[in-house]
Amino acid sequence: MTKIKTFMQRHRRTAVTIGAGSAALVGIAAALSLHRPAAPAPADKAAIEMVVRDYILAHPEIIPQAIDKLRERQNQDAYAGNKAALETPFASAWAGAPDGDVTLVMFSDYACGYCRSSLPDIDRLIADDPKLKVVWREIPILGPGSEIAAKASLAAAQQGAYRTFHERMFAAGPPSTDKVSAVLRTMKLDYARIQRDVDSAGVSAELRRNIELAQRIDPSLATPTFVVNGHMMKGAVGYDALKEAIAEARKRV
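None of these values were measured; they are calculated from a predicted model. (Residues numbered from 1 in each chain as written. Predicted model: local features only at pLDDT ≥ 70, side-chain atom pairs only at ≥ 80, totals over all residues. Heavy atoms only, no water.)

Visitor: What am I meant to see in the pattern of salt bridges here?
Guide: All chains considered together, the criterion is met by 14 salt bridges. A salt bridge links Asp218 to Lys234; its shortest N-O distance comes to 2.6 Å. Here Asp218 is found in the loop between α10 (201–217) and β5 (222–223), whereas its partner Lys234 is found in strand β7 (residues 231–234), with 16 residues between them in sequence. Given a relative accessible area of 14%, Asp218 falls into the buried group. On the basis of relative accessibility, which here comes to 32%, the residue Lys234 falls in the partly exposed class. Salt bridges here are not isolated pairs; linked through shared partners, they connect Asp101, Asp129 and Arg250. (Salt bridge = Lys/Arg side-chain N within 4 Å of Asp/Glu carboxyl O. Helix = DSSP H or I, 4+ residues; strand = E, 2+ residues; numbered from the N terminus. Buried < 20%, exposed > 50% of the residue type's maximum accessible area, 1.4 Å probe, protein only.)

Here it is, written out as structure tokens:
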């Protein structure tokens, strides 16, 4: 799983993250406040704080549980605010059902081995689930080869050939200029148009939007990251985990 941090530093972007432990304790305090009809007297407040402290010390497992719950809530909020941008593909950078009842979004980099190993899981999901739509978002964070391949994939997408390029590029191994050119020449494309489109304003803008979108969703977003109806999963989580997330999303549709 490859993090976006280095790329964002290179482009002078910053991210602010909430201290997980502090946020969890704030969440616990807020939850307790919902059940108090009025502010307690100082003595009562001290007693309540001691009870909470003692309970946390006796049951420290609630801290990671609270953190997970907080992160899930933050992910849902970020998803709700960015749903259209997340789930609207660039040209043909999608597969499956055009009007799927659930959309699986994958943030991907061609130099990411975990992205490559996830490819069969995505292919299987598309084959097994006729109501699923998959949208790919390119975030080239692993160097020049990644960026060249990402630009070529979006140029191919404008000719309706994203998925073919996507699969052949991953099969070719770590990306480089020579490998990208070799993959493109195996495809029936307007090569002169590809050469124009790879450096076009539209392709460059899409890559910037994807990086900015990744930052809004999660400042520590890595590749691969999957988003299903606000539920976020990082890494090569496998077919079963993705299928379960899709099933859970359908319960909320």
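Now, onward.
Visitor: Hey, could you run me through the packing of aromatic side chains in this one?
Guide: Each pair of aromatic rings is reported with the distance of its centres and the angle of its planes. Within this structure, the stated rule accounts for three aromatic pairs. With a centroid separation of 4.9 Å and 45° between ring planes, the pair formed by Tyr110 and Phe170 is classed as tilted. Residue Tyr110 is located in the loop between β3 (102–108) and α5 (113–128), and its partner Phe170 is located in helix α7 (residues 162–171); the two are separated by 60 residues in the primary sequence. We classify Tyr110 as buried; its relative accessible area is 1%. Here the aromatic rings of Trp136 and Tyr162 are separated by 5.6 Å at their centres, their planes lie at 35°, and the arrangement is tilted. Placement of Trp136 in strand β4 (residues 132–138) and of Tyr162 in helix α7 is noted, with a sequence separation of 26 residues between them. (Phe/Tyr/Trp six-rings, centres within 6.5 Å; stacked < 30°, edge-to-face > 60°.)

Visitor: What am I meant to see in the nonpolar core here?
Guide: Nonpolar side chains in soluble globular proteins tend to be buried together. One finds Leu104, Ile122, Leu125, Trp136, Phe165 and Val228 to be the most contacted residues of the largest nonpolar core, which totals 45 residues. Looking at this core, the element that brings in the most residues is helix α6 (residues 144–157), giving seven residues. Setting aside chain neighbours within four positions, we find Leu125 in contact with Leu104, Leu132, Tyr239, Leu242, Lys243 and Ile246. In this structure, Val105, Phe107, Val227 and Met232 belong to the second largest nonpolar core, which totals 14 residues. (Core = buried A, V, L, I, M, F, W, Y, C linked by side-chain atoms within 4.5 Å. Contact = heavy atoms within 4.5 Å.)

Visitor: Explain the sheet that holds β4 here, please?
Guide: The strands making up a sheet associate through backbone hydrogen bonding, with each pair oriented either parallel or antiparallel. Pairing is mixed in the open sheet, where five strands are placed in the order β2-β4-β3-β6-β7. Of all the strands in the sheet, the pair left with one neighbour each is β2 (94–96) and β7. Strand-to-strand twist across the sheet, computed as the mean angle between neighbouring axes with direction ignored, equals 20°. Of the pairings in the sheet, the one linking strand β6 (residues 225–228) to β7 comprises four bridges and is antiparallel in character. Counterpart to Thr225 in the pairing with β7 is Lys234. (Pairing = 2+ DSSP bridges. Axes fitted to C-alpha atoms, helices over the stretch in contact; angles between N-to-C directions.)

Visitor: What's the story with the side chain of Glu87 in this structure? I'm lost.
Guide: Mapped onto the secondary structure, Glu87 falls in helix α4 (residues 62–87). Classification of Glu87 as buried rests on a relative accessible area of 14%. Excluding residues that lie within four positions of it along the chain, Glu87 makes contacts with Tyr79, Thr103, Val105, Lys133, Val135 and Arg137.

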